[in-house]
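Inside the fold
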Amino acid sequence: MLRCFRLIVCFILIPTLLFCASTDPVRGKNGMVVSASELASKVGVEIMQKGGNAVDAAVGVGFALAVTYPAAGNIGGGGFFVIYLPNGESTTIDFREKAPFSTHKDVFLDKNGNFVPELSQSGMTSSGVPGAVAGLIYALEKYGKLSLAEVIQPAIDLAENGFVVGYRMANSINSYNETFNKYPSSKKVFTIDGEKVPEDYLLVQKDLASTLKEIKLKGRDGFYKGKVADLIVKQSDVLNGYITLKDLENYNPVERKPVLGNYKGYKLITMGPPSSGGIAIIQALNILENLDIKPDMWGSSSYYHKLVETLKYVFADRSKHLGDADFYPVPQDWLISKEYAKSISDKITDVVVPSKDILPGIYDDKESKETTHYSVMDKSGMAVSVTTTINTSFGNKIVVDGAGFLMNNEMDDFSAKEGAPNHFGLLGSEANSIQPGKRMLSAMSPTIILKDNKPWVVIGSPGGSTIITVVLQVILNCIDFNMDIQEAIDAPRIHHQWYPDEIVSENYSPVKDVYDALVKQGYIFGKKTELGRAEGIIYDSENKLFWGASDPRGYGKAVGY
């Protein structure tokens, strides 16, 4: 609930943001959409105003982001839906990318068995089979009210007529100018004859509009068969990738039961494997529930100590036990059990335990960075939390020639070799090894929180491995520190992922005396960086108002009506 009096906390989050109390969240009476693009958020609201529900809006936003937020919005990648239905039921849709059938466990190793990161992080060898189009259409057909033609048309219009990129998007595009120039298809879209684009540049994407029209006309077959599929495979073949027509034709999203948790009376609905986010967040909250987090502890060395020690155990377990549950027996119930959390919290004292002394828990089977998130709620009580990705910013930087969209480099999210870190420094094991048709592990954490058994918070974030810690801290800010959604998202964050054994923090945070206390305690601080770009909603049931907040670390927008 929005409070009349705010806690005034003055500090600087990032060089461009002075935070001396957050601005008010955006208010809506009938519904709310929050995404990384103002144009896409407006598309979602317009769809609801025309009679669509939150799923219709979310699908429309998803297609629009493929046009207006090319760094991460996509039809060449994949992601996850978490949906709460007005009848009290909840579900999730897994449309994560899959390993092509011609790949195998050692596909990114050289003849000496050494991991070759370039193969998994760049070029068409890095691309998994895209799932976004299939996932969006599946969600719409099963849970939406409107037709595909109605929800995809705004994206077609934005691609065909163009939009002005603005200062921050121009900088984002231009930061990869050299790489875009390596690929004629990418050069055509994201440069002006090889030169950088100005901030007032009208980005028109005719090939992407043509692809979206094929999808509008033929549904999923407009992407996974026919003209567009042929263009994807042609691009893959030219650049020695692995995707075939068979891979595309056989791709299907999977509807899965959500992972459910409970923290201090609040219920969590979140994503299960192949996302690691839901299990990791619930496991962390279960541990923290035993560590006596008090409202006056925010930002203190004691709070950060408890948070970091918790995260070490969570990420250690992630490295060992989490992967695609269709291929590996993930011990889910054990990982999110209150009993296992208590056994971990009992180990957390005032002493800093080095990561090398923390090992993944032993399960007894005789007894389980570039991404984007958007949140949607409608007046019927439906809530949708969606996180999608093409992995790093602009994916592998390769536009499918003639089709106009960027391909992902998600194959790097597999564990190519046990003990070898991926782009985000994450370690993995056999649970996340490469296998044909397998979905790679993800940190995406789309989450819905219930208060009094009704949707209260919808939240998620991009950020690679930091997604888990970002979403966790926003949740703690809302529940334990009574912040409104804008305050909860604005507040400075830290990150620790077990290895490397260091705290990553944002500029000017923690404040010096807290930083000094943590260093004295034995912690090592790594680089300063921006952590996540959360997009969230809180529903005020007392006043029947939606409050939306887009992270000031990005340039998105909350739009309500």
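In this report, the structure presented in the accompanying data block is examined. A quick note: this is a predicted structure, and the numbers were derived from the prediction, not measured.

**Digging into the packing of helix α13 (residues 277-288) against helix α16 (residues 338-345)**
- Where α13 meets α16, the closest approach of the two axes is 8 Å, and the angle between their N-to-C directions is 60°. In terms of orientation, α13 lies oblique with respect to α16. Pair α13 / α16 crosses with right-handed handedness. Contacts between α13 and α16 pair Q283, N286 and I287 from the former with K338, Y340, A341, I344 and S345 from the latter.

**Focus on the side chain of S186**
- Position of S186 relative to the elements: it lies in helix α8 (residues 184-190).
- At a separation of 2.6 Å, a polar atom in the side chain of S186 contacts the main-chain carbonyl oxygen of K397.
- Setting aside residues no more than four positions away along its own chain, S186 makes contact with F180, T191, K397, I398 and V399.

**Some remarks on the pattern of salt bridges**
- Counted according to the given criterion, the structure contains 22 salt bridges.
- The closest approach of N and O atoms between E214 and K218, which form a salt bridge, is 3.2 Å. Residue E214 and its partner K218 are located together in helix α9 (residues 206-218), separated by four residues, close to a single helical turn.
- Ionic pairing is found between K342 and D346, a salt bridge with its closest N-O pair at 2.7 Å.
- In this structure, a network of salt bridges that share partners links the residues D94, R256, D326 and R439.

**Description of the pairing of strand β20 (residues 545-550)**
- Taking burial as the measure, the six residues of β20 include six buried ones, the bulk of the element.
- Of the two faces of β20, both are covered, the one formed by L545, W547 and A549 as well as the one formed by F546, G548 and S550.
- As paired elements, strand β3 (residues 26-28) and β20 share three bridges and run antiparallel to each other. Residue pairing in the sheet places R27 in a bridge with W547 of β20.
- Here strand β19 (residues 535-540) pairs with β20 via six bridges, running antiparallel. The partner of G536 across the bridge, within β20, is A549.
- Counted between consecutive antiparallel strands, the loop separating β19 from β20 contains four residues, among which K544 sits at a positive phi close to 55°.

**A closer look at helix α17 (residues 466-479)**
- Taking 1.5 Å of rise per residue, 14 residues should cover 20 Å, and α17 covers 20 Å from first to last C-alpha, within 8% of that figure.
- Taken across its 14 residues, α17 has 14 buried, putting it largely inside the fold.

**A word on a nonpolar patch on the surface**
- Where nonpolar side chains cluster on the molecular surface, the patch consists of V164, L202 and V204 and spans about 230 Å² of accessible area.
- Within the fold, V164 resides in strand β7 (residues 163-164).

**Points about the nonpolar core**
- With 88 residues, the main nonpolar core has I475 and L476 as its most contacted residues.
- No other element matches the ten residues that α17 contributes to this core.
- Leave out the neighbours within four places in its chain, and L476 touches Y263, L285, L288, Y303, L307 and F481.
- Judged by nonpolar contacts, the second largest core, of 85 residues, contains L146, F163, M169 and F405.

**So, the sheet that holds strand β14 (residues 447-451)**
- The seven strands lie next to each other as β3-β20-β19-β15-β14-β11-β10, forming an open sheet whose pairing is antiparallel. Across the chains shown, the open sheet's two edge strands, defined by having one partner strand only, are β3 and β10 (259-263). Averaged over neighbouring strand pairs, the angle between their axes works out to 25° when direction is ignored.

**Description of the packing of aromatic side chains**
- Under the counting rule described, the total for this entry stands at 17 aromatic pairs.
- Aromatic side chains F190 and F394 sit 5.8 Å apart centroid to centroid with 70° between the ring planes, which places their arrangement in the edge-to-face category.
- A network of ring pairs unites the aromatic residues Y176, F180, F190 and F394 as a single cluster.
- The residue whose ring lies beneath R220 is Y224, and the NZ or CZ to ring-centre distance is 4.5 Å.
- Sitting over the face of the ring of F101, K246 holds its NZ or CZ atom 4.9 Å from the ring centroid.

**Section: the environment of D401**
- With respect to the helices, strands and loops of the structure, D401 is situated in the loop between β13 (383-391) and β14.
- Residue contacts for D401: discarding those within four places in its chain leaves S185, K188, L231 and Q235.

Conventions adopted
- Residues numbered from 1 in each chain as written.
- Predicted model: local features only at pLDDT ≥ 70, side-chain atom pairs only at ≥ 80, totals over all residues.
- Heavy atoms only, no water.
- Axes fitted to C-alpha atoms, helices over the stretch in contact; angles between N-to-C directions.
- Helix = DSSP H or I, 4+ residues; strand = E, 2+ residues; numbered from the N terminus.
- Parallel < 35°, antiparallel > 145°, perpendicular 65-115°, else oblique.
- Left-handed = near helix turned anticlockwise from the far one by under 90°.
- Contact = heavy atoms within 4.5 Å.
- Polar contact = N/O pair within 3.5 Å; in protein donor to acceptor, adjacent residues only side chain to side chain.
- Salt bridge = Lys/Arg side-chain N within 4 Å of Asp/Glu carboxyl O.
- Buried < 20%, exposed > 50% of the residue type's maximum accessible area, 1.4 Å probe, protein only.
- Pairing = 2+ DSSP bridges.
- Expected span 1.5 Å × (residues − 1).
- Patch = residues over 30% accessible without salt bridge, like charges linked within 9 Å, V, L, I, M, F, W, Y side chains within 5 Å.
- Areas by Shrake-Rupley, 256 points an atom, 1.4 Å probe, with all protein chains shown as cover.
- Core = buried A, V, L, I, M, F, W, Y, C linked by side-chain atoms within 4.5 Å.
- Phe/Tyr/Trp six-rings, centres within 6.5 Å; stacked < 30°, edge-to-face > 60°.
- Lys NZ or Arg CZ within 6 Å of the ring centre and 35° of its normal.

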